[in-house]
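# Descriptive analysis of the structure
Listed here are the chains, written in short residue letters.
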Amino acid sequence: MRRWNSETLLEAQGKFSVPSLLSRLTITMPQPIPLDYHMHSTFSEDGHASIREMCLAAVERQIPEIGFSEHLDQHPNDVVSINFYRPDEWWQEIRNAREEFAGHLIVRAGMEAGESHRYPVKVQALARDYPYDYIIGSLHYDGDHFLFDPEYLQQTSPEEILHSYFSEVEQMTRQPLFDILGHLDLPVRNARHIWEAYDPAHYEDLIRGILRNCLDHGLALDVNVAGLRKPSQNIMPHPAILRWFRKMGGERVTLGSDAHSADQVGAHLDRAVNAVRAAGLKFVTCFERRQARLVPLED
Ligand SMILES: [Zn+2]
Ligand SMILES: [Zn+2]
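Here the structure is a predicted model, which means the values were calculated and not measured.

## Some remarks on the packing of helix H3 (residues 51-60) against helix H4 (residues 87-100)
- Orientation of H3 relative to H4, taken along the N-to-C sense of each, is 35°, at an axis distance of 10 Å. Handedness of the crossing formed by H3 with H4: right-handed. Facing H3, whose interface residues are Ile 51, Arg 52 and Cys 55, H4 presents Glu 93, Ile 94 and Ala 97.
- Counted by class, the contact of H3 with H4 contains four nonpolar, no polar and two charged residues.

## Some details on the sheet that holds strand E2 (residues 106-114)
- Here we have six strands laid out as an open sheet, ordered E1-E2-E3-E6-E7-E8, and parallel in their pairing. Edge positions in the sheet fall to strand E1 (65-72) and strand E8 (253-256), since each of these pairs with one other strand and no more.

## Some remarks on H4
- Between its first and last C-alpha atoms H4 spans 20 Å; for 14 residues at 1.5 Å apiece the expected length is 20 Å, and the two agree.
- Summarising the contacts, the buried residues of H4 are in contact with H3, E1 and E2.

## Observations regarding the environment of Phe 287
- Positionally, Phe 287 belongs in strand E9 (residues 283-288).
- Between the C-alpha atoms of Phe 287 and Ile 180, which are 107 residues apart in sequence, the distance is 9.7 Å.

## A few points about the environment of Gly 110
- Mapped onto the fold, Gly 110 is located in strand E2.
- The exposure class of Gly 110 is buried, given the 26 C-beta atoms found within 10 Å.
- Taking the C-alpha atoms as reference points, Gly 110 and Ile 136, separated by 26 residues in sequence, lie 7.2 Å from one another.
- Residue contacts for Gly 110: discarding those within four places in its chain leaves Tyr 37, Gly 67, Phe 68, Ser 69, Tyr 132, Asp 133, Tyr 134, Ile 135 and Ile 136.

Conventions we followed
Residues numbered from 1 in each chain as written. Chains lettered and ligands numbered in written order. Predicted model: local features only at pLDDT ≥ 70, side-chain atom pairs only at ≥ 80, totals over all residues. Axes fitted to C-alpha atoms, helices over the stretch in contact; angles between N-to-C directions. Helix = DSSP H or I, 4+ residues; strand = E, 2+ residues; numbered from the N terminus. Left-handed = near helix turned anticlockwise from the far one by under 90°. Contact = placed C-beta atoms within 7 Å. Nonpolar A, V, L, I, M, F, W, Y, C, P; charged D, E, K, R; others polar. Pairing = 2+ DSSP bridges. Expected span 1.5 Å × (residues − 1). Buried ≥ 20, exposed ≤ 12 C-beta atoms within 10 Å, placed from the backbone.

Next comes the structure, spelled out in structure tokens:
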């Protein structure tokens, strides 16, 4: 397996004198993407690419570290996803990928657990039985309201949806069973009348409560760019929330494309890095066996 680095990139561009190569490099080298921790393979019900295909895409895009975070959805309405999680088979694929890409790509083993405060038993059992590197905790259901359900989103005011959503996330982060808070702001991405009206300052007390819980429990925020593939064009969480987090003493963030196909691996994460920097954050957080480590963002 060949790793693309600045030298092989230059080779691929043809032969140039060293000074012209250097000037070309400074102009054309993209922002380095240190990691992508939010990815779904075909082991998630809505994933379209194999673990191997997504690893190949990461190597091609020179992302040194990725993590798979398949859905563990347990809401009773989620009739398709509820039994989709197959840990033994998945772990075998992860081990295969680690072996195949050793020296070229770090492959982390994650999980995206939905509503872990409501369905803790299976999350706890999996975390005990398998050596996960991290667990992302996400809210996809607010009570019985699916946060992607157009009917619920259209028939309810943004204030009601967001007040209820942030309250539920606050509950979820009180005694968290996870390491990373997934895509905070999710409803904003999913309906025009919400994203057009959204100002996090209206929910500041609630959101700061969530951030306080994150700090108390050492949770990282998933800076998630799935919204950049949608008309909403929002990075989650909102830049103001990232700034509050930093000012409250927060340091831990991860980057997530929320890729569900190989072409989405690492996509738009340069903008996530910019958002992190703009908030005054200086690190990304790597997780290994559920231990966090801060890694400085490269200049
Ligand atoms: Zn999610
Ligand atoms: Zn996801």
